[in-house]
Amino acid sequence: ETGVTQSPTHLIKTRGQQVTLRCSSQSGHNTVSWYQQALGQGPQFIFQYYREEENGRGNFPPRFSGLQFPNYSSELNVNALELDDSALYLCASSSRGQLMNTEAFFGQGTRLTVV
Amino acid sequence: AQSVTQPDIHITVSEGASLELRCNYSYGATPYLFWYVQSPGQGLQLLLKYFSGDTLVQGIKGFEAEFKRSQSSFNLRKPSVHWSDAAEYFCAVGARAAGNKLTFGGGTRVLVKP
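Residues numbered from 1 in each chain as written. Chains lettered and ligands numbered in written order. Predicted model: local features only at pLDDT ≥ 70, side-chain atom pairs only at ≥ 80, totals over all residues. Heavy atoms only, no water.

**Some words on the overall build of chain A**
A count of helical and extended segments in chain A gives zero helices and eleven strands. Along the chain direction, N to C, the helices and strands of chain A fall in the order β-β-β-β-β-β-β-β-β-β-β. A compact globule built from 115 residues would reach a C-alpha radius of gyration of about 13 Å, and chain A, at 13 Å, matches this within 12%. Judged by the C-alpha coordinates and their principal axes, chain A covers about 40 × 30 × 25 Å. The burial tally for chain A puts 51% of its 115 residues in the buried class. In chain A, 53% of the contacts between residues at least 6 apart in sequence involve partners at least 24 apart. Summed over all atoms, the accessible surface of chain A reaches about 5,600 Å², with 47% contributed by carbon and sulfur. The average position of the 8 basic charges and that of the 9 acidic charges among the side chains of chain A differ by 4 Å. (Helix = DSSP H or I, 4+ residues; strand = E, 2+ residues; numbered from the N terminus. Rg over C-alpha atoms; globule rule 2.2 N^0.38 Å. Buried < 20%, exposed > 50% of the residue type's maximum accessible area, 1.4 Å probe, protein only. Contact = heavy atoms within 4.5 Å. Areas by Shrake-Rupley, 256 points an atom, 1.4 Å probe, with all protein chains shown as cover. Lys, Arg positive; Asp, Glu negative; His and termini not counted. Charge placed at Lys NZ, Arg CZ, Asp CG, Glu CD.)

**What about the pattern of salt bridges?**
Residue and element names in this part refer to chain A. In the structure shown here, the tally under the stated rule is nine salt bridges over all chains. We note a salt bridge from Glu-75 to Arg-22, for which the minimum N-O separation is 3.5 Å. Of the two residues, Glu-75 sits in strand S8 (residues 74-78) while Arg-22 sits in strand S3 (residues 19-24), which places them 53 residues apart along the sequence. By relative accessible area, Arg-22 is classed as partly exposed at 42%. The closest approach of N and O atoms between Glu-54 and Arg-57, which form a salt bridge, is 3.1 Å. One salt-bridge network, held together by shared partners, links Arg-63, Glu-82 and Asp-85. (Salt bridge = Lys/Arg side-chain N within 4 Å of Asp/Glu carboxyl O.)

**Here we look at the environment of Pro-79 of chain B**
All names here are of chain B. Relative to the helices and strands, Pro-79 is located in the loop between strand S9 (73-78) and strand S10 (87-94). Given a relative accessible area of 61%, Pro-79 falls into the exposed group. In this structure the C-alpha to C-alpha distance between Pro-79 and Thr-5, which are 74 residues apart in sequence, comes to 23 Å. The contact partners of Pro-79, leaving out residues within four places of it in the chain, are Gly-16, Ala-17, Ser-18 and Gly-62.

**As for the pairing of S3 of chain A**
With three bridges connecting them, strand S1 (residues 5-7) of chain A and S3 of chain A associate as antiparallel partners. By the bridge assignment, Ser-7 of chain A is partnered in S3 of chain A with Arg-22 of chain A. (Pairing = 2+ DSSP bridges.)

These values are about where atoms sit, not about what they do.
This is how it looks when you write it as structure tokens:
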């Protein structure tokens, strides 16, 4: 098991609502990335946070936003939820500044269902 | 842009038989390559990674993978499959120049017959 924890584990929201997902990174890691995994597909990169700033973003609309806190934990916020936002949201932590800084450790994910 | 293709959506293998999962990637520079495993409803566990050096990489749970630059491939192998290996397997490519994001393939679901 990794030290990356995500909450909540499951969530049901109504279309149009807003949601906040949380992630605590592994000890010693300063970078958090978020991924969306739709059913039957591979994870897709949403964005990454390093030193509390967004550092790279995938092909997701602005209603997907995030934060990173001084303790390197992170939040993913999604506004105006759509049915297609239903997915497993994965958080990955890693440590920049090292040679193998692309090695990411994943949490168990938050299963979001939009009805 | 990076891309990863896993040509096999499903593979069924008998327990004790060998397993090979295919992965082809597209990236302009030297890639970082990964294989992850995902059990139902779970997150991703790293099996192995390739950054540089020896093109045959050993991982956990008896898995290995071979990087072939000429074929843009990074196939995963296991000599003898156990029932607990039934899961979904994802190949991914990453690079510092791409902001360290990982691009994943669509996955291969492995079913193990007794």
